[in-house]
Amino acid sequence: MVIVISASFVVFALVGVPLAFSFGLATLAGLVWSGMPFNILAEKMIFSVSSFPLMAIPFYMLAGELMVAGGIMTRLVALTNAMVGNIRGGLAQGAVLSGVGLSTVSGTAVADAAALASAVGRPLNEAYGRPFASAVIAASGNLGPIIPPSTPMIIYATIAGNLVSIADLFLAGIVPGLMIVAMMLTVIHLLACLRGYPCTGDPFCLRVFFTRLREAFLVILMPVVVIGGIVIGAFTPTEGGAIAVTYSVFAGFFITRQLTLRALPDVFLRAIVTTAVVGALIALASPITFLFAISGVPRAIGGFLQLVTTDPTIFLILIFLALLVVGMFVESATAYILLVPVLAPIAMTYDIDPLHFAMVFILTIILGMITPPVGVLLFVMSGINKISVSAITRHLLPFISIHVVTIMLVILFPAIVTFLPNLMK
């Protein structure tokens, strides 16, 4: 049955059937082959999306769209430019810092990259050229799923069940996220010096900085309220998402005064479409994970890995290498749905902290968003700036290396991701 399902999925995907429907059709093929009742498909679909934590996803996506439509992004960009605009590479560093601010609300890479391209794409293109500007925006957008709140973390925690909590994953993402940001800022400055990129901003002025900080203060306060409330247990991640939406609406109408009633239908439509894509993938891929489980796939993989190595660190490195390849070819939400139920229990047999394994898994799959041949952010930026994927990839290599270094450090030093969650318990 496993061979039938896998072969069917590959065939449907290759002929152009959307991934979600390829999963559904492959499941039907497996049910026909095995003689199992068809109602398994409907039952598993409904059960997989009937989850209160998953309701957080549309809220955070909507909050991110409202943040852009309400001009909140503009204030973040102005603040970051006031901080670093006049040093070499400062405009690109400002884009990275703006990406950090956006990631504390949205939690999705594609939406963050598109918003950054809209806000800072033109000046970046003029200062550094389209290939490097596209690479910076893609790498900055990829911070969205790492720095909380994070849609992939919500999906992982939901699929993994009681192994990890969303709040712990949010806390675990902070340190590696900041490590990546610090290394990105350093690399951008070094590249700017080596390539002779010009200083594009005004000299640093304390008065201007405090003015921009005052204008953006209520915006900066939003993630503090939302993430802080989740961490201390004041409300759930789903309730936090609803608070983020309410806060974004209030800020857009009454603080920046750039959000209009006319803009709301488009904002809601974009959030609905993105949520529907994720929901369809989760619903239609979940029956396959169930069929794989009852066919003994996790047990077979676990037994094979135990024969290869009994060392937890070697196991994590092997998982990293395998997921790196998976991330290059498989859409990220699909990877979570198919592989978390298989690999997370196996990691437990190696006495690996579930939170540690979860972050290695998530960081590696996120890396796939900026790696060829099918890194989605490569195609997003290629479409926006009308340049080839290969041109962007060459300039992305330093940022990909930063991500790989961070993952290896997380593998070797688990405290990087476990320290904050353990501290807050």
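Residues numbered from 1 in each chain as written. Predicted model: local features only at pLDDT ≥ 70, side-chain atom pairs only at ≥ 80, totals over all residues. Heavy atoms only, no water.

Draft legend 1. Molecular detail of the overall build of the protein. Of regular secondary structure, the protein possesses 21 helices and zero strands. A compact globule built from 425 residues would reach a C-alpha radius of gyration of about 22 Å, and the protein, at 22 Å, matches this within 12%. Projecting the C-alpha coordinates of the protein onto the three principal axes gives extents of approximately 70 × 50 × 45 Å. A separation of at least 24 residues holds for 78% of the contacts in the protein among residues at least 6 apart in sequence. When the accessible surface of the protein is split by element, carbon and sulfur atoms take 72% of a total near 17800 Å². (Helix = DSSP H or I, 4+ residues; strand = E, 2+ residues; numbered from the N terminus. Rg over C-alpha atoms; globule rule 2.2 N^0.38 Å. Contact = heavy atoms within 4.5 Å. Areas by Shrake-Rupley, 256 points an atom, 1.4 Å probe, with all protein chains shown as cover.)

Draft legend 2. Looking closely at the packing of helix H18 (residues 354-367) against helix H21 (residues 415-423). H21 packs onto H18 with a crossing angle of 130° between their chain directions and a minimal axis gap of 9 Å. In terms of orientation, H18 lies oblique with respect to H21. The two elements H18 and H21 meet at a crossing, and its hand is right-handed. Between H18 and H21, the contacting residues are Leu355, His356 and Met359 on the first element and Val417, Thr418 and Pro421 on the second. When its residues are assigned to classes, the contact of H18 with H21 shows four nonpolar, two polar and no charged. (Axes fitted to C-alpha atoms, helices over the stretch in contact; angles between N-to-C directions. Parallel < 35°, antiparallel > 145°, perpendicular 65-115°, else oblique. Left-handed = near helix turned anticlockwise from the far one by under 90°. Nonpolar A, V, L, I, M, F, W, Y, C, P; charged D, E, K, R; others polar.)

Draft legend 3. Focus on the pattern of salt bridges. Under the definition given, this model contains one salt bridge. Residue glutamate 65 pairs with arginine 270 through a salt bridge whose shortest N-O separation is 2.8 Å. With glutamate 65 in helix H4 (residues 56-69) and arginine 270 in helix H14 (residues 264-294), this residue pair connects regions lying 205 residues apart in the sequence. Of the residues examined, glutamate 65 reaches a relative accessible area of 15% and is grouped as buried. Residue classification places arginine 270 among the partly exposed positions, given a relative accessible area of 39%. (Salt bridge = Lys/Arg side-chain N within 4 Å of Asp/Glu carboxyl O. Buried < 20%, exposed > 50% of the residue type's maximum accessible area, 1.4 Å probe, protein only.)

Draft legend 4. Region of the structure containing the packing of aromatic side chains. Inspection of every chain in the model, using the stated rule, returns nine aromatic pairs. One aromatic cluster is present, formed by Tyr156, Phe315, Tyr336, Tyr350, Phe357 and Phe361 through successive ring pairs. (Phe/Tyr/Trp six-rings, centres within 6.5 Å; stacked < 30°, edge-to-face > 60°.)

Draft legend 5. Structural context of the confidence of the model for the protein. Looking at the protein as a whole, the pLDDT averages 84, with 98% of positions reaching at least 70. Element-level pLDDT for the protein is lowest in helix H15 (residues 297-308), with a mean of 74, against a maximum mean of 94 in H18. (pLDDT = per-residue confidence, 0-100.)

Draft legend 6. Layout of the side chain of threonine 406. Note on placement: threonine 406 falls in helix H20 (residues 389-412). With sequence-adjacent residues up to four places away left out, threonine 406 is seen in contact with Pro176, Met179, Ile180 and Met183.

Draft legend 7. Structural view of the nonpolar core. By size, the foremost hydrophobic cluster in this structure holds 134 residues, and its most contacted members are Tyr156, Leu169, Phe315, Phe357, Leu396 and Phe399. Those residues within four positions of phenylalanine 357 in sequence are excluded, and the remaining contacts are Tyr156, Phe315, Leu316, Ile319, Leu343, Ala344, Ala347 and Ile352. (Core = buried A, V, L, I, M, F, W, Y, C linked by side-chain atoms within 4.5 Å.)

Draft legend 8. Representation of the packing of H4 against helix H9 (residues 151-160) in the model. One can describe the packing of H4 onto H9 by two numbers: an axis separation of 10 Å at closest approach and a directional angle of 180°. When the axis of H4 is compared with that of H9, the two are roughly antiparallel. From H4, Ala56, Ile57, Tyr60 and Met61 reach across to H9, where they touch Thr151, Ile154 and Ile155. Taken together, the residues that form the contact of H4 with H9 break down as six nonpolar, one polar and no charged.

Draft legend 9. Summary view of unusual backbone geometry. Residue proline 148 is joined to proline 149 through a cis peptide bond whose omega torsion reads 0°. Mapped onto the fold, proline 149 is located in the loop between helix H8 (130-141) and H9. Residue arginine 257 is not a glycine yet carries a positive backbone phi of 60°. As for its position among the elements, arginine 257 is in the loop between helix H13 (237-255) and H14. The residue aspartate 351 is not glycine, and still its phi comes out positive at about 60°. Position of aspartate 351 relative to the elements: it lies in the loop between helix H17 (332-349) and H18. Exposure remark for aspartate 351: the relative accessible area of 74% places this residue in the exposed category.

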